[in-house]
Amino acid sequence: PRYLRFEADCRVDAAGVVCFFEGGNLLSLTHDGQVRWQRNLVSEFGPIESRHGISASLEHSDDRVFVWIERSKEPYVLAVEKNSGKDIWKSAGLGVTSWASPRLVPVKSGQHLVLSGIGALVGLDPATGKQLWRFEGIKGNSTPTPAPIGNGRFLIGATAGRGEPDAGKAAESNGLIAIQQNDDGSFQADFVW
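Just so it is clear, the model here is predicted, and its values are computed rather than measured.

Student: Where do I start with the packing of aromatic side chains in this structure?
Tutor: For any two aromatic rings, the description comes down to two numbers: the centre-to-centre distance and the angle of the planes. Per the counting criterion, the structure on display carries 4 aromatic pairs. Their ring planes at 20° and their centres at 6.5 Å tell us that tryptophan 133 and phenylalanine 154 sit as a pair that is stacked. Pair noted here: tryptophan 133 is in strand β12 (residues 131-135) and phenylalanine 154 is in strand β14 (residues 153-156), with a separation of 21 residues, a long-range link. With respect to class, tryptophan 133 is no different from phenylalanine 154; both count as buried. Arranged with centres 5.5 Å apart and planes meeting at 80°, the rings of phenylalanine 135 and phenylalanine 191 form a pair that is edge-to-face.

Student: Help me understand the sheet that holds strand β7 (residues 76-81) in this model?
Tutor: Adjacent strands of a sheet pair through backbone hydrogen bonds, lying either parallel or antiparallel. Strand order in this open sheet of 4 strands is β5-β6-β7-β8, and the pairing throughout is antiparallel. Each edge of the sheet is formed by a strand with only one pairing partner; in this case those strands are β5 (59-60) and β8 (87-92). Both β5 and strand β6 (residues 64-69) contribute to a ladder of 2 bridges, which runs antiparallel. Each residue of the ladder has a partner; that of glutamate 59, found in β6, is phenylalanine 66.

Student: Any chance you could explain the environment of glutamine 34 here in plain terms?
Tutor: In this fold, glutamine 34 is placed in the loop between β3 (25-29) and β4 (35-40). For the pair formed by glutamine 34 and glycine 16, sequence separation is 18 residues and the distance between their alpha carbons is 9.3 Å. Those residues in contact with glutamine 34 that sit more than four places away from it in its chain are Ser28 and Leu29.

Student: Sorry if this is basic, but what is going on with the environment of valine 17 here?
Tutor: Mapped onto the elements of the fold, valine 17 is located in strand β2 (residues 17-21). Take valine 17: its relative accessible area is 17%, and that puts it in the buried class. Along the primary structure valine 17 and leucine 27 are separated by 10 residues, whereas in three dimensions their C-alpha atoms are 8.2 Å apart. Excluding anything up to four places from it in sequence, valine 17 contacts Cys10, Arg11, Val12, Leu27, Ser28 and Leu29.

Student: I'm lost on the side chain of serine 101 in this one. Help?
Tutor: Summarising the element assignment, serine 101 is placed in the loop between β8 and β9 (103-107). Judged by its relative accessible area of 6%, serine 101 is buried. At a separation of 2.7 Å, a polar atom in the side chain of serine 101 contacts the main-chain amide nitrogen of serine 57. Discounting chain neighbours no more than four positions away, the residues touching serine 101 are Ser55, Ala56, Ser57, Trp68, Val114, Thr145 and Pro146.

Student: Honestly, the state of the cysteines in this entry has me stumped. Any pointers?
Tutor: By definition, a disulfide links two cysteine residues through a covalent bond between their sulfur atoms. Summed over the entire model, instances satisfying the criterion amount to 1 disulfide. The disulfide bridge from cysteine 10 ends at cysteine 19, spanning 2.1 Å between sulfur atoms. The sign of the 105° torsion about the S-S bond sets the cysteine 10-cysteine 19 disulfide as right-handed. Its relative accessible area of 6% is what places cysteine 19 among the buried residues.

Definitions and limits used
- Residues numbered from 1 in each chain as written.
- Predicted model: local features only at pLDDT ≥ 70, side-chain atom pairs only at ≥ 80, totals over all residues.
- Heavy atoms only, no water.
- Phe/Tyr/Trp six-rings, centres within 6.5 Å; stacked < 30°, edge-to-face > 60°.
- Helix = DSSP H or I, 4+ residues; strand = E, 2+ residues; numbered from the N terminus.
- Buried < 20%, exposed > 50% of the residue type's maximum accessible area, 1.4 Å probe, protein only.
- Pairing = 2+ DSSP bridges.
- Contact = heavy atoms within 4.5 Å.
- Polar contact = N/O pair within 3.5 Å; in protein donor to acceptor, adjacent residues only side chain to side chain.
- Disulfide = S-S within 2.5 Å.

Okay, structure coming up:
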């Protein structure tokens, strides 16, 4: 017999399930399997072309789901209303290689949606998609997803990479990052250790 392989990621809450398939289909189901809504992001926003495919999982809050498409041309992050499937906002991705997932990190003023891709970490406002900060003092972070630990802090890892000239230096980027708000209301992120 032939077997079909489907790469998908799903998030579950009290209302149902939202799933994203590597082919670009994003859909929501009730717990008993009825389709609430469905979309084809490839039809809407173009093909998902990247070096080795995508692997970013969905992130979600009470009312929205976040989809990160880090592709070769015009990468994007999309916030979608869970109940209707309608776009809330669409922002530019990082424009780098990444297989990490977006992650909501709690801060004093709410949350930041943190993205990690080779050489950069970025924090977005989950309500608007506006970039709040960008940190570039990092290497080897193409795969690890930020791990929130509270109070605007998260752990980030780095992978050694294969055949890259400074692959051994990736371990220098493993550590704890803190997001801090400046006196003028802007944000910045940097290593604690």
